Amino acid sequence: MPGRVLAAAGCRKLRQRSCCGKGDGAVSWVWIALASVVSGGLGAMGLGGGGILLLVLVWAGWPQLAAQGINLLMILPVGLLGLYFHRKNGLTDREAARPLLWGGLPGVGLGVLLGGHLGEDALRTCFGVLILLLAVRELWLGVRAIRRDGWRLKAPADGEEA
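Treat the numbers as computed from the prediction; the structure is a model and nothing was measured. (Residues numbered from 1 in each chain as written. Predicted model: local features only at pLDDT ≥ 70, side-chain atom pairs only at ≥ 80, totals over all residues. Heavy atoms only, no water.)

1. Structural notes on the pattern of salt bridges
Thinking step 1. Enumeration over the complete set of coordinates arrives at four salt bridges.
Thinking step 2. The salt bridge partner of Arg124 is Glu120, with a shortest N-O separation of 3.3 Å. Here Arg124 and its partner Glu120 are both found in helix 6 (residues 120-149), four residues apart, which amounts to about one turn of the helix.
Thinking step 3. By relative accessible area, Arg124 is classed as partly exposed at 32%.
Thinking step 4. Overall, the relative accessible area of 26% leaves Glu120 in the partly exposed class. (Salt bridge = Lys/Arg side-chain N within 4 Å of Asp/Glu carboxyl O. Helix = DSSP H or I, 4+ residues; strand = E, 2+ residues; numbered from the N terminus. Buried < 20%, exposed > 50% of the residue type's maximum accessible area, 1.4 Å probe, protein only.)

Have a look at this one:
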């Protein structure tokens, strides 16, 4: 039920003329359209394109909860299409996904309930901290890889040491 509330908030905002309520929304719609294409492509590859869409929507001035609702609407068609092609190419493993699904479903419910109670500012702060932590982690892993392997621009050839 709370997920439906988030999705409905996104739908209401999408029907409005200006996406962010600040003057002319044309520029914001261009960015949102571009972010949708990029996030759809990344999401279909299983790379979490929703994170990009969410960042762009919030950056364009959408309230955090409305941006999350729109993101939820995007997950359905993009995820189903990505799943279709991954299954078609034999790239899915039901046994590996089963425990993730059983753990993820209660997590989604708890996250939606918590998100509804935190409020806009706390939700934005939590999301920002998460993004910063992920950026620091990726930077740290990148520096470690460069120290270990040097500035290699391509993957090692077959038989070459990684």
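2. Describing the packing of aromatic side chains
Thinking step 1. Here the structure, examined in full by the defined rule, presents one aromatic pair.
Thinking step 2. A centroid spacing of 5.0 Å and a plane angle of 75 degrees characterise the contact between Tyr84 and Phe85, whose relative ring orientation is edge-to-face. (Phe/Tyr/Trp six-rings, centres within 6.5 Å; stacked < 30°, edge-to-face > 60°.)

3. Observations concerning helix 6
Thinking step 1. Taking 1.5 Å of rise per residue, the 30 residues of helix 6 would be expected to cover 44 Å, and the 43 Å separating its terminal C-alpha atoms lies within 8% of that figure.
Thinking step 2. Looking at the residues trailing helix 6, positive phi occurs at Gly150, about 80 degrees. (Expected span 1.5 Å × (residues − 1).)

4. Details of the packing of helix 3 (residues 50-59) against helix 4 (residues 64-88)
Thinking step 1. Taken N-terminus to C-terminus, the directions of helix 3 and helix 4 make an angle of 145 degrees; their axes are 9 Å apart at the nearest point. Seen from above, helix 3 lies across helix 4 with right-handed handedness. Contact residues: helix 3 offers Gly50, Leu53, Leu54, Leu57 and Val58, while helix 4 offers Gln64, Ala67, Gln68, Ile70, Asn71 and Met74.
Thinking step 2. Residue classes in the contact of helix 3 with helix 4 are distributed as seven nonpolar, four polar and no charged. (Axes fitted to C-alpha atoms, helices over the stretch in contact; angles between N-to-C directions. Left-handed = near helix turned anticlockwise from the far one by under 90°. Contact = heavy atoms within 4.5 Å. Nonpolar A, V, L, I, M, F, W, Y, C, P; charged D, E, K, R; others polar.)

5. Details of a nonpolar patch on the surface
Thinking step 1. Where nonpolar side chains cluster on the molecular surface, the patch consists of Trp31, Leu34, Val38, Ile52 and Trp59 and spans about 510 Å² of accessible area.
Thinking step 2. Every element with two or more residues in the nonpolar patch is listed here: helix 2 (26-44) and helix 3.
Thinking step 3. Among the elements that line the nonpolar patch, the one with the most residues is helix 2, at three residues.
Thinking step 4. Structurally, Ile52 can be placed in helix 3. (Patch = residues over 30% accessible without salt bridge, like charges linked within 9 Å, V, L, I, M, F, W, Y side chains within 5 Å. Areas by Shrake-Rupley, 256 points an atom, 1.4 Å probe, with all protein chains shown as cover.)

6. Side note on the nonpolar core
Thinking step 1. Within the largest apolar cluster, 13 residues are counted, with the highest numbers of intra-cluster contacts made by Ile32, Leu54, Leu57, Trp62 and Ala67.
Thinking step 2. Listing elements by their share of this core, those giving two or more residues are helix 2, helix 3 and helix 4.
Thinking step 3. Take this core: its biggest share by element is five residues, from helix 3. (Core = buried A, V, L, I, M, F, W, Y, C linked by side-chain atoms within 4.5 Å.)

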